[in-house]
Amino acid sequence: MSGNEIVTDVVIIGAGPVGLFAVFELGLVDLKCHVIDILDRAGGQCAELYPEKPIYDIPAFPEISGQGLTDNLMKQIAPFGAEFHFSQMVKSVEKLEDGSFRLTTDADEVFLTKVVVIAAGGGSFQPKRPPVENVEEYEGKSVFYAVRKMDDFRDQDILIVGGGDSALDWTLNLEPLARSLTLVHRRDQFRGHADSVNKMRALVEEGRINFITGQLGRLEGENGQLSEVYLKTAGGELGVPATRLLPFFGLTMKLGPVADWGLDLHDNALVKVDTEKFETSEKGIFAIGDINWYPGKLKLILSGFHEGALMAQAAKKIVHPDQKVVFQYTTSSTQLQKKLGVA
């Protein structure tokens, strides 16, 4: 073992909500974690794609933003002192003779761990580019695939393209800030929630936004700043003033290096796990959250929380096989309350 290797009980790959809550559950059973994420901060897709967008299905929070959920989770896991390694990706996993693992990242950090927890959401994700000439010239300046700061869209002429929840949600959320807002979809039917569709149509009726049936044609502007977007419509080409373009054509999810680790996969896209421990086909490697698959799987944050709780009990047995796992409640165990700093 060389001196620069980081030795820990558990390495968690992915710092989204499920990976963060796994730190909490593992901390309750006295397991030390290091967390690796390809992004430059915690929060995963919640922080990257919709930090200010409301989430409505987190228990006990009728409404919370993606960033708010991330902030709360970071506060909740603070007592356990997990260490984070951002802006890097695990490129290789090697199983050692004693059953532990050596992980190497693309930043040349090396970890020795007894347990690996894959909590990488959909893997590494990239937005699908619209098939429009020279769109790259405008990306990051006036063409965006996610809304990280709503204030960047204030008093702008916004054009949103898409027919799913992201397009509809941002139409509703950005309308109060925009100088003008136009939603474009190739047909007058939507894949998003009916309630969002109804709210969008009401805004159109009130004249607060425009809806156009059509497709992106070409972009016009200078030095990365859009001024007008031309649409292909049934009536011919139509120019719409636009200083911000949000094309929501979906995300391309890729497992990345995980696909080469020899784990059993479902449809070559998700990691198969059992429903007792959420362990993969490789003992000591677990997968929780959106990246795993089992019969009846629901891609919900709350499901990932549940999976993390069961995973932690199994991880304890691997790291400390000589110690008996005694299940305790945080409400009544003074031992757990001391760990959390509340007793």
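The notes below deal with the structure included here. These numbers come from a predicted model, not from an experiment. (Residues numbered from 1 in each chain as written. Predicted model: local features only at pLDDT ≥ 70, side-chain atom pairs only at ≥ 80, totals over all residues. Heavy atoms only, no water.)

**A short note on the pattern of salt bridges**
- In total, this model carries 20 salt bridges according to the counting rule given.
- Glu83 is the partner of Lys32 in a salt bridge, and the nearest nitrogen-oxygen pair spans 3.7 Å. Of this pair, Lys32 sits in the loop between helix H1 (17–28) and strand S2 (33–36) while Glu83 sits in strand S5 (residues 83–85), and the two are 51 residues apart along the sequence.
- Here Lys32 falls in the partly exposed class, since its relative accessible area comes to 32%.
- Owing to a relative accessible area of 40%, Glu83 belongs among the partly exposed residues under this scheme.
- With a shortest N-O distance of 2.9 Å, Lys297 and Glu307 are connected by a salt bridge. Here the residue Lys297 occupies a position in the loop between strand S21 (292–293) and helix H6 (301–319), and Glu307 occupies one in helix H6, the gap between them amounting to ten residues. Neither residue differs from the other here; Lys297 and Glu307 are each classed as buried. (Salt bridge = Lys/Arg side-chain N within 4 Å of Asp/Glu carboxyl O. Helix = DSSP H or I, 4+ residues; strand = E, 2+ residues; numbered from the N terminus. Buried < 20%, exposed > 50% of the residue type's maximum accessible area, 1.4 Å probe, protein only.)

**Comments concerning unusual backbone geometry**
- A positive phi angle, near 65°, is found at Asn134, a position not held by glycine.
- Mapped onto the secondary structure, Asn134 falls in the loop between strand S9 (124–127) and strand S10 (157–161).
- Note on Asn134: relative accessible area 37%, which makes it partly exposed.
- Positioned with a positive phi, Phe278 is a non-glycine residue whose angle comes to about 60°.
- Position of Phe278 relative to the elements: it lies in the loop between strand S19 (270–272) and strand S20 (285–287).

**Describing the environment of Glu205**
- Within the secondary structure, Glu205 sits in helix H5 (residues 194–205).
- With 76 residues separating them along the chain, Glu205 and Arg129 place their C-alpha atoms 31 Å apart.

**Description of the sheet that holds strand S18 (residues 265–266)**
- Spatially, the three strands line up as an open sheet ordered S18-S19-S21, and their pairing is mixed. The sheet is open, and its two borders are formed by S18 and S21, each paired with just one other strand.
- In this sheet, S19 lies alongside S18 in antiparallel orientation, the contact comprising two bridges. Note that in S19 the partner of Leu265 across the bridge is Val271. (Pairing = 2+ DSSP bridges.)

**Side note on helix H4 (residues 165–174)**
- Burial in H4 covers these residues: Ala167, Leu168, Asp169, Trp170, Thr171 and Leu174.
- Residues of H4 that are buried make contact with helix H2 (44–49), S10, strand S11 (180–185), H5 and strand S16 (244–247). (Contact = heavy atoms within 4.5 Å.)

**What about the pairing of strand S8 (residues 110–118)?**
- Burial analysis of S8 places eight of its nine residues in the buried class, which makes it a mostly covered element.
- With seven bridges connecting them, strand S1 (residues 6–13) and S8 associate as parallel partners. Within the sheet, the bridge partner assigned to Val7 lies in S8 and is Leu112.
- Note: strand S7 (residues 101–105) against S8, four bridges, orientation antiparallel. Bridging across to S8, Arg102 finds its partner in Leu112.

**Some words on the packing of H1 against helix H3 (residues 66–77)**
- The interhelical angle for the contact between H1 and H3, taken along N-to-C directions, is 15°, at an axis separation of 9 Å. Comparing their axes, H3 and H1 come out roughly parallel. Crossing handedness for the pair H1 and H3: left-handed. Contact with H1, carried on its side by Pro17, Leu20, Phe21, Val23 and Phe24, involves Leu69, Thr70, Leu73, Met74, Gln76 and Ile77 of H3 and no other residues of that element.
- For the contact of H1 with H3, the class distribution of residues is nine nonpolar, two polar and no charged. (Axes fitted to C-alpha atoms, helices over the stretch in contact; angles between N-to-C directions. Parallel < 35°, antiparallel > 145°, perpendicular 65-115°, else oblique. Left-handed = near helix turned anticlockwise from the far one by under 90°. Nonpolar A, V, L, I, M, F, W, Y, C, P; charged D, E, K, R; others polar.)

**Here we look at the sheet that holds strand S12 (residues 210–213)**
- Pairing within the open sheet is parallel, and its four strands lie in the order S12-S11-S10-S16. Both edges of this open sheet fall to S12 and S16, since each of them pairs with a single strand only. Averaged over all pairs of adjacent strands, the angle between strand axes in this sheet comes to 20°, irrespective of strand direction.
- For S10 and S16, the ladder comprises four bridges, and the chain directions are parallel. In the sheet register, Ile160 faces S16, and the bridge partner there is Leu246.

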